[in-house]
Amino acid sequence: MTDTGEPVDTESPMSSPWAKPIVTQHVADHVVDRLVTAVALGVYVPQQQLPTERELATMLGVSRTSVRDALGQLTATGYLEVRRGRNGGYFVLADWGPASAERVRRHLVPNWAEFEKLFDARTLLEPLIARTAAERCSDEDRTAMAVALQAYLDAPDHDASRQADSRLHRSIAEATHNPILVDLSVDLRTRVSLNLGAEPYTDEVRRTAMLQHRELVDAVSEGRGDEAADIARQHFALSEQLIRGLVSRAQLDTEHHDGHQAEGR
């Protein structure tokens, strides 16, 4: 059962530990771990407003009470601040804190075998989707991809960028004219975002993605299937590299902290 009282489907072949609703005695603590991990990955960046309590509860499959408790913990420890008023809400203050390494490891390490399966599935499927789109895209598809690409290039902030990125990759998947492939692409994207709505992100990754998005849309639009597949393989490895790098950072930070504690004994 979830903490909202709903039964959990454990038999679905597409299920995975971090895609299921959070199930634990201390739900709010696990929400904190996931949000700290998401912020460290750049899913949410400093000065960005988080989704509402209701939206986060829906994304994570938990109650609003658990989300509210988690947001309170994150505010008290300096990760978030509350802004009042018409456009108020919870805003990210810091992408890393004293407890980040422990919380990142606690969230990612137990699920690491599933992440490896996710990375493998993306490496197999996204190039296939790009190649198929190149073989099947219509003039209407080319227009949709061009519009989505321009929206991504013109995005003024992180929120606009993440929305445009999602639309762009969906427009490429839709060019396959196979709704099952569209659903698979969306599902993989949802999982790599920790169910929080956006791929991991840094300014450097965005600069790389801008070039790769142009190249990918050109290759698909011009029917260059093998090239489109190669670009997609490289592009979707960006999130994998950020997640692997975060695990390494958390491990090093933990070892550094433990070393200092040992010296102080």
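Cut-offs applied
Residues numbered from 1 in each chain as written. Predicted model: local features only at pLDDT ≥ 70, side-chain atom pairs only at ≥ 80, totals over all residues. Heavy atoms only, no water. Pairing = 2+ DSSP bridges. Helix = DSSP H or I, 4+ residues; strand = E, 2+ residues; numbered from the N terminus. pLDDT = per-residue confidence, 0-100. Contact = heavy atoms within 4.5 Å. Salt bridge = Lys/Arg side-chain N within 4 Å of Asp/Glu carboxyl O. Buried < 20%, exposed > 50% of the residue type's maximum accessible area, 1.4 Å probe, protein only.

(A) Quick look at the pairing of strand β1 (residues 80-83). Pairing of β1 with strand β2 (residues 89-92), which is carried by four bridges, proceeds in the antiparallel orientation. Its bridge partner being in β2, R83 is matched across the sheet by G89. Hairpin connection from β1 to β2: five residues lie between these consecutive antiparallel strands, with G85 at a positive phi of about 105°.

(B) Main features of the confidence of the model for the protein. Mean pLDDT over the protein: 88, with 86% of residues reaching 70 or higher. For the protein, per-element mean pLDDT is lowest for helix α10 (residues 225-263), which scores 85, and highest for helix α6 (residues 139-154), which scores 98. Within the model, pLDDT remains below 50 along residues 1-15, and this stretch shows 25 contacts once partners closer than five positions in the same chain are excluded.

(C) The arrangement of the pattern of salt bridges in detail. One pass over the structure, following the stated rule, counts 20 salt bridges. Note that E102 and R106 form a salt bridge whose closest N and O atoms lie 3.2 Å from each other. Of this pair, E102 and R106 are both found in helix α4 (residues 100-108), four residues apart, which corresponds to roughly one turn of the helix. The salt bridge partner of E116 is R244, with a shortest N-O separation of 2.7 Å. You can see E116 sitting in helix α5 (residues 112-136) and its partner R244 sitting in helix α10, a full 128 residues away along the chain. Taking the relative accessible area as the measure of exposure, E116 reaches 32% and is therefore partly exposed. In this structure, a network of salt bridges that share partners links the residues D33, E102, R103 and R106.

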